[in-house]
Amino acid sequence: MSSLSVSASGAAADAIGRHVPSLVDDSVASRLFAQDPTLWGPDAESESSIRLSWVGLPRSSRPLVGEIAALRESFSEQGLDHVVLCGMGGSSLAPEVICATAGKPLVVLDSSDPDYVRRALGDDLEHTVVVVSSKSGSTVETDSQRRAYEQAFTDAGIDPASRIVIVTDPGSPLDQESRGKGYRVVNADPNVGGRYSALTAFGLVPSGLAGVDVEALLDEAESVADLLAADDDANPGLRLGAAMGGTDPLRDKLVLVDDGSGIVGFADWAEQLIAESTGKNGTGVLPVVAGGEQDPEVAWPAADVTVVRLVAADNESGPGDDVASEVRVGGALGAQLLLWEVATAVAGRLLGINPFDQPDVESAKKAARALLDQGTGAAADPAATDGSVEIRSLGGSGDWLGDATTVPAALDALFAQLDPQHGYVAVMAYLDRLADADLAECRVPLARRTERPTTFGWGPRFLHSTGQFHKGGPAVGVYLQVTTAPKEDLSIPGREFTFGDFIASQAGGDAAVLAEHGRPVLQLHLTDHDAGLAQLREALLAGGRA
């Protein structure tokens, strides 16, 4: 049997003491598990009424176990053991953490970067099975990846229908098209949103095909379902939700650090769940994924930070009394997936927002489409060019870039816009997240330099995660966007635009919507990838508090 632990100290403990009794009195937990759509107010009721089936997934997803096992056996008999997942947001992040924790290989293709996509297409195609995950099929990234794999299989003399598995909502355009092509289709529960879909077909099919024991994962979740549905002061979902969304004043930066949990990459999944669910109407909770004890947000947290330590399931030690605001969370992976979904829904109620919509994700998609229609030559001239880096500024108030003509000076100008008490820095890198992975090392030096919480996201992956918070949350962030010319572009079969065109439009659309919301955006475009990246790394790694 699985178990969960949530202990807190400081402001987080105060929030639990202040809010949990009223959450219990209002029967929030039992109403949530009864799928009561009125929990988040009348404005959220219509969306909530079609988004709450996730509370019953530990039981309702059981029929998938046999279906997935049969699929895996069929592929294994053919020697097909290289599993690739094409999906975005919750469709990719849950399988990523599930497989990494189980030690099962899974290639996650959640990028439009042409170099990244090309490498995936060329990796062991002979033994490849592709899972294409999209609720409707309208996600352009996933549709483009599917088209690329269909062409690659065809060019190799392989029938795409023998290698591609579609996961989608029943009756969706993708469902109908795929069945018409003879593809294997697994339908997901349509009354679950993407970021709450870890225990639906979106999370279980790619994980099961990769070799994960998905029945055990469901067992872990089911073993805590009654605990999480109980109107009781000890309910860990109510306690964690209160700590997340109920501090006063609101500590709206939630720093997630692994402290021996044994779960690989869990913070990345929790990041998209929390940020996309809460970051709207000018409020929300910004998750900050920290790498360890020495990261500044953990070592010397600011007054608007709560630190969450992800500990081992059997760790019974609580936070120290001298900690300003800290929570320790322990439990098996399946149990924690359900716990954090419950806690996020509870935090949404306390924050007064609808945790099931994502209005600003849609606005960025529309802006990207508009830029695609305009063509790739629509970018404004740079304010300056420093070596292999073009410098542009958008949004903010006034001409905040000033006379900056070098990358270091432009960074100084951006960070000068930072609110020293409430602000945060967001680095948004539209690059190849495998080949350029070491750029993420700049996060800690930037947090030291600015003495403010700092996030790092790979584009377009983060658009389905922190991208919602950036635009819909509090207007206290400063945004550094990094783009590059691809080493070699890649066409998208059946489309008039390339992968290079598409990722450029996604970056441009994201920046444009941020600017429309008054957020200051510094765009640094690498005209020569290698030289520009080296130049940028040098500038980002400089300076900061020891």
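Description of the structure in this document.

Thresholds applied
Residues numbered from 1 in each chain as written. Predicted model: local features only at pLDDT ≥ 70, side-chain atom pairs only at ≥ 80, totals over all residues. Heavy atoms only, no water. Helix = DSSP H or I, 4+ residues; strand = E, 2+ residues; numbered from the N terminus. Rg over C-alpha atoms; globule rule 2.2 N^0.38 Å. Buried < 20%, exposed > 50% of the residue type's maximum accessible area, 1.4 Å probe, protein only. Contact = heavy atoms within 4.5 Å. Areas by Shrake-Rupley, 256 points an atom, 1.4 Å probe, with all protein chains shown as cover. Lys, Arg positive; Asp, Glu negative; His and termini not counted. Charge placed at Lys NZ, Arg CZ, Asp CG, Glu CD. Phe/Tyr/Trp six-rings, centres within 6.5 Å; stacked < 30°, edge-to-face > 60°. Lys NZ or Arg CZ within 6 Å of the ring centre and 35° of its normal. Pairing = 2+ DSSP bridges. Axes fitted to C-alpha atoms, helices over the stretch in contact; angles between N-to-C directions. Core = buried A, V, L, I, M, F, W, Y, C linked by side-chain atoms within 4.5 Å. Parallel < 35°, antiparallel > 145°, perpendicular 65-115°, else oblique. Left-handed = near helix turned anticlockwise from the far one by under 90°. Nonpolar A, V, L, I, M, F, W, Y, C, P; charged D, E, K, R; others polar. Right-handed = clockwise from strand over helix to strand, strands pointing away.

1. With respect to the overall build of the protein
Per the secondary structure count, the protein includes 21 helices and 16 strands. Over its C-alpha atoms the protein spans a radius of gyration of 23 Å, differing by no more than 12% from the 24 Å that the globule rule assigns to 546 residues. Along the first, second and third principal axes, the C-alpha atoms of the protein reach 60 × 60 × 40 Å. Going through the 546 residues of the protein one by one, you find that 59% of them count as buried. When contacts within the protein are restricted to residue pairs at least 6 apart in sequence, those whose partners lie at least 24 apart make up 78%. Accessible area of the protein: about 19,200 Å², with a carbon and sulfur share of 48%. Between the averaged position of the 40 positive side-chain charges in the protein and that of its 78 negative side-chain charges there is a distance of 2 Å.

2. A look at the packing of aromatic side chains
Evaluated as defined, the whole model comprises eleven aromatic pairs. Through successive ring pairs, a cluster of aromatic residues spans Trp40, Trp54, Tyr196 and Phe356. Over the ring of tyrosine 116 we find arginine 119, and its NZ or CZ is 5.4 Å from the ring centre.

3. Remarks on the sheet that holds strand S6 (residues 184-187)
If you trace the five strands from one edge of the open sheet to the other, you get S3-S2-S4-S5-S6, paired in parallel fashion. Of all strands in the sheet, those with a lone pairing partner are strand S3 (107-109) and S6, marking the two edges. Averaged over neighbouring strand pairs, the angle between their axes works out to 20° when direction is ignored. Note that strand S2 (residues 82-86) and S3 share three bridges and pair parallel. The partner of leucine 85 across the bridge, within S3, is valine 108.

4. Let's talk about the nonpolar core
Ranked by size, the top nonpolar core spans 91 residues in total, and within it Leu32, Trp54, Phe266, Trp269 and Trp340 carry the most contacts. Sorting elements by how many residues they give to this core places helix H15 (residues 333-351) first, with twelve residues. If we skip the residues at most four places from it in the chain, leucine 32 touches Leu39, Trp40, Leu52, Trp54, Val55, Val342 and Ala345.

5. Examining the packing of helix H17 (residues 407-415) against helix H21 (residues 529-540)
Between H17 and H21, whose axes approach to 9 Å, the crossing angle comes to 50°. Considered as vectors, H17 and H21 are oriented oblique to each other. Of the two possible hands of crossing, H17 and H21 adopt the one that is right-handed. Only Gln535, Leu536, Ala539 and Leu540 of H21 make contact with H17, whose side of the interface consists of Val407, Pro408 and Leu411. Residues belonging to the contact of H17 with H21 are distributed by class as follows: six nonpolar, one polar and no charged.

6. A few points about the pairing of strand S7 (residues 253-259)
Within S7, five of the seven residues are buried, leaving the element largely enclosed by the surrounding structure. Two strands pair when backbone bridges link them, and S7 and strand S8 (residues 286-289) are joined in this way by four bridges, in the parallel orientation. Directly across from leucine 254, in S8, lies its bridge partner proline 287. Following the backbone out of S7, through helix H13 (residues 266-278) and into the adjacent parallel S8, one traces a crossover that is right-handed. In terms of strand pairing, S7 meets strand S9 (residues 305-311) through seven bridges, oriented parallel. For leucine 256, the partnering residue across the bridge sits in S9 and is valine 308.

That is the geometry; function is a separate question.
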